[in-house]
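So the chains spell out like this:
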Amino acid sequence: MTVPTSVQRSFQLWIAAVVVGVLGSVFSLATSATVPNGYLAAGGIVGVVIGLLFLAALVYLALRMRGGENWARVALSVLGGVSAVFTVIGVLLTAGLGVSLGAISTIVSLVQAALIVAAILFSFQAPANAYFR
């Protein structure tokens, strides 16, 4: 069976979200390297490594989803949904507390969350649902 357009779009959006995440990680790594406190810089590096492992898992799951595996679609929806919700909550909380993440970090986070939400929505359109049956 050929991959429906909605599943292909979902896959492309997942990959775009991963690319944005990698760019955000590179930016985060670059800014954590300038932190004078060694412990804070090391924490930033550990955070980037964990983030990159998460992004690698998303690529694996997106490939499996495009291959027609429903469990991967469900896993992406759960992981992506939780990630998008926590991203938006985090941005709102830090803004409410007066903590600045920086404009670039905030934009990258919100763009990534939007890509994830769009990817999830495409993966549950009618042609996609038929593909996963």
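The structure presented is a predicted model; accordingly, all values stated were derived computationally and were not measured. (Residues numbered from 1 in each chain as written. Predicted model: local features only at pLDDT ≥ 70, side-chain atom pairs only at ≥ 80, totals over all residues. Heavy atoms only, no water.)

Caption draft 1: Summary view of the UniProt feature "transmembrane region" (unreviewed entry) in the protein. Feature annotation in UniProt places "transmembrane region" (unreviewed entry) on residues 12-33, 39-63, 75-97 and 103-124, given in this structure's numbering. In residues 103-124, helix accounts for 95% and strand for 0%; the two terminal C-alpha atoms are 32 Å from one another. (UniProt positions renumbered as here; feature names shortened; annotations may be inferred. Helix = DSSP H or I, 4+ residues; strand = E, 2+ residues; numbered from the N terminus.)

Caption draft 2: Local environment of the side chain of Gln112. With respect to the helices, strands and loops of the structure, Gln112 is situated in helix α4 (residues 103-123). What Gln112 contacts, discounting residues up to four positions off in sequence, is Ala17, Val20, Gly21 and Leu55. (Contact = heavy atoms within 4.5 Å.)

Caption draft 3: Examining a nonpolar patch on the surface more closely. Residues Val74, Val78, Val82, Val85, Phe86, Ile89 and Leu93 make up a contiguous nonpolar surface patch of roughly 640 Å² in combined accessible area. In this fold, Phe86 is placed in helix α3 (residues 70-96). A residue is classified by how much of its surface remains accessible, and Phe86, at 58% relative accessible area, is exposed. (Patch = residues over 30% accessible without salt bridge, like charges linked within 9 Å, V, L, I, M, F, W, Y side chains within 5 Å. Areas by Shrake-Rupley, 256 points an atom, 1.4 Å probe, with all protein chains shown as cover. Salt bridge = Lys/Arg side-chain N within 4 Å of Asp/Glu carboxyl O. Buried < 20%, exposed > 50% of the residue type's maximum accessible area, 1.4 Å probe, protein only.)

Caption draft 4: Structural detail: the environment of Ser25. With respect to the helices and strands, Ser25 occurs in helix α1 (residues 5-32). Residue classification places Ser25 among the buried residues on the basis of a relative accessible area of 11%. Spatially, the C-alpha atom of Ser25 lies 9.8 Å from that of Val108, the residues being 83 residues apart in sequence.

Caption draft 5: Fine view of the environment of Ala57. Take Ala57: it is sitting in helix α2 (residues 38-66). Residues Ala57 and Leu79 lie 22 residues apart in sequence; the distance between their C-alpha atoms is 10.0 Å.

Caption draft 6: View of the nonpolar core. Judged by nonpolar contacts, the single largest core of 23 residues is most densely connected at Val7, Trp14, Leu58, Met65, Leu76, Ile116 and Phe132. If you list the elements that add at least two residues to this core, you get α1, α2, α3, α4 and α5 (126-131). Top contributing element to this core by residue count: α1, with 7 residues. Setting aside chain neighbours within four positions, we find Met65 in contact with Val7, Ser10, Phe11, Trp14, Ala72, Arg73, Leu76, Ser123, Tyr131 and Phe132. (Core = buried A, V, L, I, M, F, W, Y, C linked by side-chain atoms within 4.5 Å.)

Caption draft 7: Spatial organisation of the side chain of Arg73. Secondary-structure assignment places Arg73 in helix α3. With no salt bridge to any partner, buried Arg73 finds its closest opposite charge in Glu69, at an N-O distance of 12 Å. For Arg73, the side chain forms a polar contact with the main-chain oxygen of Ser123, separated by 2.8 Å. Apart from the residues lying within four places of it in its own chain, the contact partners of Arg73 are Met65, Ser123, Phe124, Ala128, Asn129 and Phe132. (Lys, Arg positive; Asp, Glu negative; His and termini not counted. Polar contact = N/O pair within 3.5 Å; in protein donor to acceptor, adjacent residues only side chain to side chain.)

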